[in-house]
Amino acid sequence: MYQFYSLFFIIYLFFLIKIFFSLYDVNPSNCQTVYLKGNSVILKMIKFIWKKVVNINSSAPIDETIKQLENFVSIGIALSAEKDSNKLLEMIMLEARRITNADAGTLYLVEGEQLKMKILHNKTMNTFLGGKGEEITLPPVPIAREYVSGYVAATAEAINISDVYEAEGFDFSGPREYDSITGYRTCSMLVIPLKNHLEEVIGVLQLLNAQDEKTGEVIPFDPGYQAIIQSLSSLAAIALSNMQLIREIENLFESFVQVMVTAIDAQTPYNATHTQKVSRLSHLIALEINRTGSGPLASEYFDDDRLKVLVMAGWLHDIGKVATPLKVMNKATRLDDQLPLVVGRIEYALQKEKNALLWRDLQKYTGKSRQEINNKRNTSITQEDNNTDRIKNTKNVNRAFGEKEPHGEKKIKILQSARELIIRADNPATFIDNGLKEKLEALGNLTFTGEDGHIYPLLTSKELASLTVAKGTLTEEERKIMEDHVVITGKMLAKMPFTKKLARAPELACMHHEHLDGKGYPLGLKGEQIPIEARILAIADIYDALTASDRPYKKGMPVENALKIMGFMVKEGKIDKNIMDLFIRQKIWEKL
């Protein structure tokens, strides 16, 4: 009857873990392999357990057997549920030591051509390292046949040694040196390979000094335990391998995003490091929020997953600029490449006025060959008449420049003043106030006559619109094009299959221009509608935009000036006061 119940529990265990393996694998291309491997491991475990069950003395309490079976189920579930690789490795070590009653052990992972120690346990020496991710400073072991762990990694064969001081064929200088330094005595050793679903060795589990449960005496490892530890190692290796596969997929996606964004930023020399800095600043702000023990930000905490979402949103926030015309992104001055054309136009009109003045002087002071002079300057006279006809159009210009009517030298001075004014207004460092704007708008009424006899404006309406931009270099039309990068970002990211962990990143990336007063874009979100991640991104983005030294339209602003401007934005209700206070108090920009 006892064996019947035991068999029942074994079958229950088989199907439970079988379901786990059929659902667990995240890589569809490897699903069948992992499933079959899982079945093989389970069968080994069941065979071993059943062997133990039928040989157990009938007086042995059934509760102990049930507990043993339940432990195996718990191990499988725990290994599949653990997402922290360090904790997973320590869990493997703890379970292996518990099953074999081993006093000590080390767990290595394959890194290139060597084994890197990740977990170190020694109960006698009260040493437990690696479970929290701390670095173990012991040297790595080469994957070579002269070292027992290297041999196991190279051959995928398990090694069971009764006493390392009597064993031959391996170099045990490492354990012996450890013993001489610490006073420990290494005796029995069981070394098991950790193989993934592709039968590749990804690590080595080394257990030391099995102990008799009753006396505590060091004994050789039971060969029966070797089989179960191999099965446990196989389960652990699959769980670890899947964790590594997930991490590799995440790293691949993150690398792809970073490469893509770097390529977009490289389109313009004025934006090369902006995205990286915004992402880094956002990360630093979040870390400082985590350290806040009191105040309005104390309730916020960014765990690893939340930090990854924030950093990813930082990398993605300007991805829509791939569709922004470079002519708009690289516009260094108000007229940009149109300035030489406008200046040339003024120079042409100015020279024509000077020529007309000379002809008038010749006509005034030369009494002879007047007809000849008239013949030579026939075209100029016609043009001068045209100029006279348009004097009415220049009255606004005269008022703007403090002149009366353009005539002779006065008219030349008007054009000279216009040239100087346009050059000054083209510089984005010049603020276009109402007085300057009035003079520029007056120039819009000034015309000149071309060689073809047609009359042309000194400034086109588009040029005038560019010159009268109060701050910066972009007209309203160009600014709208630039702002559309957020909308394009949203459309692009909507096409990308983000994992569940990063699902919020696209939404946050599109919010970095939203303001708390509801006057931001593209959605005009207000107050609590804007999550803290977007508020962090906004502050990081604004700070870098103000202090960047590689922008085409301005020099890099000193930090104190940038903070002053951002302080005004806080008072205007545009950016978060609490985050800004933290940013200033901790001088986060200095940690970049």
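Cut-offs applied
- Residues numbered from 1 in each chain as written.
- Predicted model: local features only at pLDDT ≥ 70, side-chain atom pairs only at ≥ 80, totals over all residues.
- Heavy atoms only, no water.
- Helix = DSSP H or I, 4+ residues; strand = E, 2+ residues; numbered from the N terminus.
- Contact = heavy atoms within 4.5 Å.
- Areas by Shrake-Rupley, 256 points an atom, 1.4 Å probe, with all protein chains shown as cover.
- Phe/Tyr/Trp six-rings, centres within 6.5 Å; stacked < 30°, edge-to-face > 60°.
- Lys NZ or Arg CZ within 6 Å of the ring centre and 35° of its normal.
- Salt bridge = Lys/Arg side-chain N within 4 Å of Asp/Glu carboxyl O.
- Buried < 20%, exposed > 50% of the residue type's maximum accessible area, 1.4 Å probe, protein only.
- Axes fitted to C-alpha atoms, helices over the stretch in contact; angles between N-to-C directions.
- Parallel < 35°, antiparallel > 145°, perpendicular 65-115°, else oblique.
- Left-handed = near helix turned anticlockwise from the far one by under 90°.
- Nonpolar A, V, L, I, M, F, W, Y, C, P; charged D, E, K, R; others polar.
- Expected span 1.5 Å × (residues − 1).
- Pairing = 2+ DSSP bridges.

What am I meant to see in the overall build of the protein here?
Secondary structure summary: the protein contains 22 helices and ten strands in total. Excluding contacts between residues fewer than 6 apart, the proportion of contacts in the protein whose partners are at least 24 apart in sequence is 65%. Counting every atom, the protein has about 30,600 Å² of accessible surface; 54% of that belongs to carbon and sulfur.

In this structure, what is going on with the packing of aromatic side chains? I would like to understand it.
Here a ring pair, both rings aromatic, is described through the centre-centre distance and the interplanar angle of the planes. For the structure shown, the criterion picks out nine aromatic pairs. Here the aromatic residues Tyr-151, Phe-170 and Phe-172 are joined through ring pairs into a cluster of three or more. One Lys or Arg, Arg-306, reaches over the ring of Phe-302 and ends 4.1 Å from the middle of that ring.

For this particular structure, what's the right way to read the pattern of salt bridges?
Two side chains carrying opposite charge are able to pair once their charged atoms lie near each other. Applying the stated criterion across every chain, the model contains 23 salt bridges. Between Asp-318 and Lys-321 there is a salt bridge whose closest N-O contact spans 3.2 Å. For the pair Asp-318 and Lys-321, a shared accessibility class is recorded, and that class is buried.

Whenever I open this one, the packing of helix H15 (residues 409-426) against helix H16 (residues 434-443) confuses me. Can you help?
Helix-helix packing is described using two parameters, namely the angle between the two axes and the distance between the axes. Packing of H15 against H16 leaves a shortest axis separation of 11 Å and a crossing angle of 125°. By the angle between their directions, the pair H15 and H16 is classed as oblique. Considering how the two elements wind past one another, H15 and H16 form a crossing that is left-handed. For the pair formed by H15 and H16, the contact residues are Ala-418, Leu-421, Ile-422, Arg-424 and Ala-425 on the first element and Leu-436, Lys-439, Leu-440 and Leu-443 on the second. The residue makeup of the contact of H15 with H16, split by class, is seven nonpolar, no polar and two charged.

Sorry, what's going on with helix H9 (residues 304-316) here?
Given 3.6 residues per helical turn, the α-helix brings residues three or four places apart onto the same face. Taking 1.5 Å of rise per residue, the 13 residues of H9 would be expected to cover 18 Å, and the 18 Å separating its terminal C-alpha atoms lies within 8% of that figure. Within the span of H9, buried status applies to Leu-307, Val-309, Leu-310, Met-312, Ala-313, Gly-314, Trp-315 and Leu-316. Against the buried residues of H9 lie helix H7 (223-265), helix H8 (274-290), helix H18 (476-493), helix H19 (505-509) and helix H20 (532-547).

Whenever I open this one, the environment of Lys-526 confuses me. Can you help?
Mapped onto the secondary structure, Lys-526 falls in the loop between H19 and H20. For the pair formed by Lys-526 and Lys-574, sequence separation is 48 residues and the distance between their alpha carbons is 9.3 Å. Excluding its chain neighbours within four sequence positions, the residues that come into contact with Lys-526 are His-515, Leu-516, Asp-517 and Gly-518.

Explain the pairing of strand E1 (residues 102-111) here, please?
Both faces of the sheet carry side chains from a regular strand, because those side chains alternate between them. Here E1 lies mainly inside the structure; eight of its ten residues are buried. The sheet contact formed by E1 and strand E7 (residues 201-211) spans seven bridges and is antiparallel. In the sheet register, Ala-102 faces E7, and the bridge partner there is Ala-210. Summarising the sheet, E1 and strand E2 (residues 114-122) pair through eight bridges and their orientation is antiparallel.

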